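Coordinates in review
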Protein chains: 2
Amino acid sequence: MAASTAETRDSPRTRLLESGYASDDDVDGGRDAREAREERGGAVSRRKTFAARTHSLYLGLELERADEEEECESLDFHDVDSHWARRSRGRFPRGWAKWIVAAVIGVIVGLIAFAIDVAVSALFRGRRALFELCRDRVHLALAVFAHIALGVVTAAFAGLLTVYMSPSAKGSGVHYVMAVLNGVHVPKAFDGLTLVVKSIGTIFAVGSGLMIGPEGPLVHIGAAIAMQFTHGGSFGMAELFRSDEDRSDFISAGVSAGLGAAFGAPIGGVLFSLEEASSFWRESTTQRALFSSTIATFVLSVCRAVMSGSAVKEHTAMKQPGLIALGEFDATYYLVEMPFFGALAGVCGVISGLITKLIVVLSEFAPIRNSHRFAQVVVVTAATLGAFYLAAAAGSCVKTSPDETTKWSEASIRLWCKPGEYADVGSILLANKQDVISWVLGAPANAHAAHALLVAFFVTLFGMVSAANLFVPAGLFMPTILWGGLLGRFTAILVERSLSPLGGEIKCNHHAYALVGSAAALAGTFRATVSVVIILLEGVGKSAFLFPLLTAVACSNFTRRMFGASLYVEQLRQAKIPFLHTKPPKSLDDTLCASDICSRDIVYFRTIEKVGVIEDALANTRHNGFPVCSSKSKRVLGVVLRKQLLVLLSRRAFVENLVHAPRAEDGLADESVLGGRTPDDVVSLRVAEYCKELSRVMRRYHNRGTDDDRHGRRATSSIIAMLGLTDVERERRCDLGVFMQLAPPTTRADASARAAWETFTRLSLRHLPVVADDDRGAVIGVITRIDLIVAAARRPSTHDGDGDDDDDDDGV
Amino acid sequence: MAASTAETRDSPRTRLLESGYASDDDVDGGRDAREAREERGGAVSRRKTFAARTHSLYLGLELERADEEEECESLDFHDVDSHWARRSRGRFPRGWAKWIVAAVIGVIVGLIAFAIDVAVSALFRGRRALFELCRDRVHLALAVFAHIALGVVTAAFAGLLTVYMSPSAKGSGVHYVMAVLNGVHVPKAFDGLTLVVKSIGTIFAVGSGLMIGPEGPLVHIGAAIAMQFTHGGSFGMAELFRSDEDRSDFISAGVSAGLGAAFGAPIGGVLFSLEEASSFWRESTTQRALFSSTIATFVLSVCRAVMSGSAVKEHTAMKQPGLIALGEFDATYYLVEMPFFGALAGVCGVISGLITKLIVVLSEFAPIRNSHRFAQVVVVTAATLGAFYLAAAAGSCVKTSPDETTKWSEASIRLWCKPGEYADVGSILLANKQDVISWVLGAPANAHAAHALLVAFFVTLFGMVSAANLFVPAGLFMPTILWGGLLGRFTAILVERSLSPLGGEIKCNHHAYALVGSAAALAGTFRATVSVVIILLEGVGKSAFLFPLLTAVACSNFTRRMFGASLYVEQLRQAKIPFLHTKPPKSLDDTLCASDICSRDIVYFRTIEKVGVIEDALANTRHNGFPVCSSKSKRVLGVVLRKQLLVLLSRRAFVENLVHAPRAEDGLADESVLGGRTPDDVVSLRVAEYCKELSRVMRRYHNRGTDDDRHGRRATSSIIAMLGLTDVERERRCDLGVFMQLAPPTTRADASARAAWETFTRLSLRHLPVVADDDRGAVIGVITRIDLIVAAARRPSTHDGDGDDDDDDDGV
């Protein structure tokens, strides 16, 4: 039970800060400077190994493309359970505060959704007014030109913002949200600048008339707003929520609020966040997310009611709360129609699979230079809008029915038709998308001619594919719903025509077909099931459509399987984000063991470790977690994170310093809580102080990191410079035993790789040390997210050779 | 790398079956018979410790009540990952078969739901016809008496079945379903007899006129049907699905199908199964459950459509697919009404809390002897029906409107009123509950007088409380919806009356209030959130009610918090079922370590263990899992389950036997796959054969177990008798290394108890070995479900003493 003599010789008082491992003699106080210097030399010679490991860990899977990629980092979803934390835990009951934050997130998301809605409508109305002015006063050609030119200018503005200010705001951003809920931190994807650019960019991009919608971006915006309330947020808000555990809660709430407001489907939003990204049904998270999304939907709904002039005490227009109003529906359908629904859904599944593939393939040719990216936005927008006008010219003019003048006046556009008429194809392609969807799904039977539907369907697909990879904020929910609805309506006409020779007058419910098409398209493109059904049911407001919708989703998923993963998963793969599904993929071979897939070039510390060794490890590796082991048996005692080490070194929290005078350096002298206090005081520091310091150091570290050492080569010098350790200090020691995560989950080397995967994902881990299956149980490797991804990507045939060899080498 | 000399001396060929632990010298071939005898003597002297452990593990938390309880056992949710299994795994791709089973479950549940629906309606119609016959031909008094008497007889029949044939069929059974999805096997709760008794008993119990419904029982029935498709099912179906992993999948499907059919809410059913019991959003499970519940709802819906005479090519009546038809609704409401909705929901929360408490308190006085239980059913039914008639007499006769004669003719009963009138209170209390609910929720404003609503409300509460603890199958969903709806309607009238002096004619939407009341009552009684909203939305078919419903659920949960856990959780507690929530409860002290909460009296084996030792352990303990450790360092190498050991011993799978002649005994000789084969043959046995044998032995074991040794005292003799080992065989050895679960998750002694809890629940474990935090890492205890429950129930103040002491004693 006594500490080793080597340590007590140094300073008897340091025993107070010991980590409590009696059997541990991890102290190198007995070593002389020569040994220490040799060790540092050794660290330098090991640098090559570190570099190899570094690449596989932090620069995505393919090294040659590393320059283009943002560096991802795993998130911590658990607070560190160290000796220190145990002494000071449980002082901040934050339950009520979390509910308030959830409400605030909901209100902000609701207001932003409202702002986007109003602004996009205004842009469409303005362009239409300009068109009509030019047409009536000057000439139709000028009107078309002005309409297209104004669209290109708005898209260009959105592109300018996105390309030059925040490239992370590109596209829907849902895959970033999935990544962060899965535990991968994508730098800059959720900072304040991205939030602002995404919000403004969405308005202009959607308002330009491209075939995109604001739903996906709203999900990203919701998550970004939620991120501002966690530590690391740009605005430094909410000091209260520094805990890692709160982060995923808030992001789930933000996602649900965004999608809930977009579709007026609070429950659908919650289920989407569960189905697409999260793997746990945590009761508190779910309830808070539901709370947030209800408030967002409610705020949006009230704002729109007030805007449309109805007083509060009037009916609150809650019937159509979302951005997409799906209109009034006839809910009648016949059992014999089910096969047609199924076939339609199957076709939609195939189309969505092809479209996804096409978008993914085209994205390979995306320009890399910023100017090219901007030019792409301008050219593609002009071409798309031009194509829309060409398609509109191929359509015909149709007499406006009373419905079109009242309910769907926004959707039915006159263009070059005579007064009292509207252009059938042109209206679908050129009007505000959300009005068009309401019109297509909700218009009475045969409101649209078959050929108009077909032309609009193909041009919608073209517009969707061309807009998907542009450098503007762009959601694909709306075009997907639109082409599904168009195809559904066309199918309804087809069914009526082909069945009519069989006998009598046969009437189909065109709404049902349109809805089935939309549901199948959504389910196929995004590979979601329950959430899609609930979103559409909440939007339509009639549960009678339950069976057709469920059939649609099932059939669409069935045919869609042939075409690989969903659009989001493809985007995750393209962005080289290591996304882990809860269930191990089938490609992970059954016979692989944990020892076959782990990284072997680990750097581990002893519980009381020399500062120089820690500095070397920080500078020469880019590992984010280091096992802390007993020196004798190499058994894992804990895991210490890079950010913890940075704070400890930056604050000079050395064993020797704790009983000596404070250091006056770096402006830390005054507020240094270590100086002059007894070790016991330090240990009982409040967690909040620790976190405050942590975030400050981390920000400094990150700023440097993103400025000049993106590729990890100059990391060494910058970290050493940042810490500014003197040679004397390098000889000091740090007691990691107090600060490390205690008793982290480990896995044995002979555990199956699939079991290790499940342990990793179900416990939301970041580092899973692998210990030998012999009597000593020494650490032989660490499994991280990347190791699992790499193992799953490996061909099963190749594992036998290297895997078993490794085992023999390191297992001894 | 060579096996120890002690072993090789015995037989060189046994090395083929070695477990592969080169560093392991766990062989006792060198010991002589004297040592072995001493060891067995030691095992007998340890019996007392085993008994203590046994009680804490298997007989619930309070020993004195053990006699009444059924013995629970944890379920395995994972297949054993042993050396053996690794060689033969992956040969049965069963994906498609699982979908077929899910469909079959759906169809059966749908048909049973339909049968219950038809039979209950017939019972109500029959009793009504008898009443009218007696009233018209003889006298009103005889009519009342006959009506009550017939009700008592039907209830008595249900009680007879339940009390004397299958007590597990009592009540709703939802808590059994929660238990099994949580990983606790409750014997007999899901066997074939219970299924039959529950199905028939539900018809008669609900048909008797008691204040109960068939929804809860349908959930239980769905789960019981699903259980027949897993191994251990009574009908021995589906040899294909012996895997432990399939079990929870199928049960989730059954639960969703049951609830989906009951409410016509397939998605609501899935969410209920997720929210109440499961903790993982597993994509495959969710999709299969949705498939199952859609099919069940569809089958029920088609059956009813066919029954009601509409041809298949006609409209399929999908608008109201469930057992509860909530009728057509007016979806208008005003924003200013939200506070009223909230207040109503809050009151409902308080009432549901009080009702739950009352039911729980009353259940303490439930009779124990079967005859008393049966008498209770008779007396309470007579009293309840009598009270209903008294309350009906307190009501008045109301003129029948056209609606009542067409839509709600089943609900509005004439009783003693004049022709063309109906008894207002009597109709609500005495008619078929599902018609009454449709009437109460769907009738136009002011269809019911305020005093009738109030009287019916109180009598409904009385009826619900009195019926809740009876020994008949009884669900409380329906009475809960009914009293909520009655209170809601009464509130609507109250609001109208109290606001009318303020000015003008104020009209409330009575449907909205009724629905809010029902939702709040459901949410309060069952503590569910999302699923309740979805179930009601799917039932109502109008998503416009989303905000009121969400408000209702939120407010109800808010006030309900004061009254403790939900009814199901209380029932779980009463049944002494160790239910584990995913999140550790707050009562689990922050400073507790894994070593403080684990059981210390473990029995562990070596990888090659003497048969006599195994037999002793099986006979003298009731542990269901034993760590397999290396003998030198006591490090955990694996976990072997009791059922595996029983099979191994019963098949004489001894190391020595594998190279000798087969044993002709127990009828196993012919099919004994061990005899005459080489060890390698044995190891590569197909898993299916192993499972077949396993289930046969297990059935034998279980039958004996339940016949004569329920309290674990005669277990010793019966197991020894069953195995029939001779003295020579007791000296043989078993190689457990081949069959044990490899590299099971372990936790370190200094890990926090909360972390151990999360590891346990998130990985769905059954045994979590605790290893010392010293260099040797020897096993010091095992954490099971019961240990976690006991630790959570302990007062935080008491832990310091024993917890730390234990740590010092065993941690060395």
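Please refer to the structure placed before this passage.
Our subject in this report is the structure included herewith. (Residues numbered from 1 in each chain as written. Chains lettered and ligands numbered in written order. Predicted model: local features only at pLDDT ≥ 70, side-chain atom pairs only at ≥ 80, totals over all residues. Heavy atoms only, no water.)

Notes on the pairing of strand β7 (residues 625-629) of chain B
Residues and elements named next belong to chain B. The test is simple: Here the term buried applies to any residue with accessible area under 20% of the maximum for its type, exposed to any over 50%, and partly exposed to those in between, with areas from a 1.4 Å probe on protein chains only. Each helix is a run of H or I in the DSSP string that is no shorter than four residues. Each strand is a run of E no shorter than two, and both are numbered from the N terminus. In this description, strands pair whenever DSSP reports at least two bridges between them.
Among the 5 residues of β7, 5 are classified as buried, and the element is accordingly described as predominantly covered. The alternating pattern of β7 places Gly625, Pro627 and Cys629 and Phe626 and Val628 on opposite faces, both of which are buried. Here strand β5 (residues 605-606) pairs with β7 via 2 bridges, running parallel. Residue pairing in the sheet places Phe605 in a bridge with Val628 of β7. With 5 bridges connecting them, β7 and strand β8 (residues 636-641) associate as antiparallel partners. Bridging across to β8, Val628 finds its partner in Gly638. Counting the residues between successive antiparallel strands, the hairpin from β7 to β8 contains 6 residues, one of them, Lys634, with a positive phi of roughly 60°.

A word on the side chain of Thr460 of chain B
Test applied: Every residue pair with non-hydrogen atoms within 4.5 Å of one another is taken to be in contact.
In this fold, Thr460 of chain B is placed in helix α18 (residues 450-468). Sequence-distant contacts of Thr460 of chain B, that is, excluding residues within four places in its chain, are made with Met211, Leu429, Pro479, Leu482, Trp483 and Leu486 of chain B.

Some words on the state of the cysteines
Test applied: In plain terms, two cysteine sulfur atoms within 2.5 Å form what is called a disulfide here.
If you walk through the whole model with that rule in mind, you get 2 disulfides over all chains. A disulfide bridge connects Cys397 of chain A with Cys417 of chain A, and the sulfur atoms are separated by 2.0 Å. Residues Cys397 of chain A and Cys417 of chain A are joined by a disulfide whose S-S torsion is about -80°; by sign, that bridge is left-handed. With Cys397 of chain A in strand β3 (residues 397-399) and Cys417 of chain A in the loop between α15 (402-406) and β4 (421-423), the pair connects residues that are 20 residues apart, well separated along the chain. Looking at the unpaired Cys555 of chain A, the closest cysteine sulfur is the one in Cys348 of chain A, lying at 11 Å. Between Cys134 of chain B, a cysteine without a disulfide, and Cys417 of chain B, which holds the nearest cysteine sulfur, the sulfur-to-sulfur distance is 18 Å.

A few points about the pattern of salt bridges
For the record, the criterion: The rule for a salt bridge is simple: a side-chain nitrogen of Lys or Arg has to be within 4 Å of a carboxyl oxygen of Asp or Glu.
Under the criterion given, the structure shown has 20 salt bridges over all chains. A salt bridge links Arg730 of chain A to Glu615 of chain A, with the shortest nitrogen-to-oxygen separation between them at 2.4 Å. In this pair, Arg730 of chain A sits in helix α30 (residues 727-730) while Glu615 of chain A sits in helix α25 (residues 611-620), placing the two residues 115 residues apart along the sequence. Per residue, the accessibility class of Arg730 of chain A equals that of Glu615 of chain A, and both read buried. A salt bridge links Asp750 of chain B to Arg748 of chain B, with the shortest nitrogen-to-oxygen separation between them at 2.9 Å. Here Asp750 of chain B matches Arg748 of chain B in class, with each residue buried. Through salt bridges with shared partners, a single network forms among Glu615, Asp727 and Arg730 of chain A.

Observations regarding helix α20 (residues 510-526) of chain A
Residues and elements named next belong to chain A. Let me state the cut-off plainly: Helix span, as expected, comes to 1.5 Å for every residue beyond the first. We define a polar contact as two N or O atoms separated by no more than 3.5 Å, with the added condition that, inside protein, one atom must be a possible hydrogen donor and the other a possible acceptor, whereas residues neighbouring each other in sequence contribute only through side-chain atom pairs.
Counted at 1.5 Å a residue, the expected span for α20 with its 17 residues is 24 Å, and the 24 Å between its end C-alpha atoms agrees. Taken across its 17 residues, α20 has 17 buried, putting it largely inside the fold. Sitting at the head of α20, Asn509 places a side-chain oxygen 3.0 Å from the backbone nitrogen of His511. The positive-phi residue at the C-terminal boundary of α20 is Arg527, with phi of around 50°.

Focus on the packing of helix α8 (residues 192-207) of chain B against helix α9 (residues 215-227) of chain B
Residue and element names in this part refer to chain B. Here is the rule we go by: Every angle, taken between N-to-C directions, lies between 0 and 180 degrees, and every axis is a line fitted to C-alpha atoms, over only the stretch in contact when it is a helix. Reported orientations rely on four angle classes, namely roughly parallel under 35 degrees, roughly antiparallel over 145, roughly perpendicular from 65 to 115, and oblique for the rest. Should the near helix be turned anticlockwise from the far one by less than a right angle, the crossing is termed left-handed; should it be turned clockwise, right-handed. Residues are grouped as follows: Ala, Val, Leu, Ile, Met, Phe, Trp, Tyr, Cys and Pro are nonpolar; Asp, Glu, Lys and Arg are charged; every other residue, Gly included, is polar.
Two elements in contact, α8 and α9, have axes separated by 10 Å at closest approach and are oriented at 155°. When the interaxial angle is binned, α8 and α9 end up roughly antiparallel. As for how α8 packs across α9, the hand of that crossing is left-handed. The segment α8 lies against α9, with Thr194, Leu195, Lys198, Ser199 and Thr202 engaging Pro217, His220, Ile221, Ala224 and Ile225. Across the contact of α8 with α9, the residue classes tally to 5 nonpolar, 4 polar and 1 charged.

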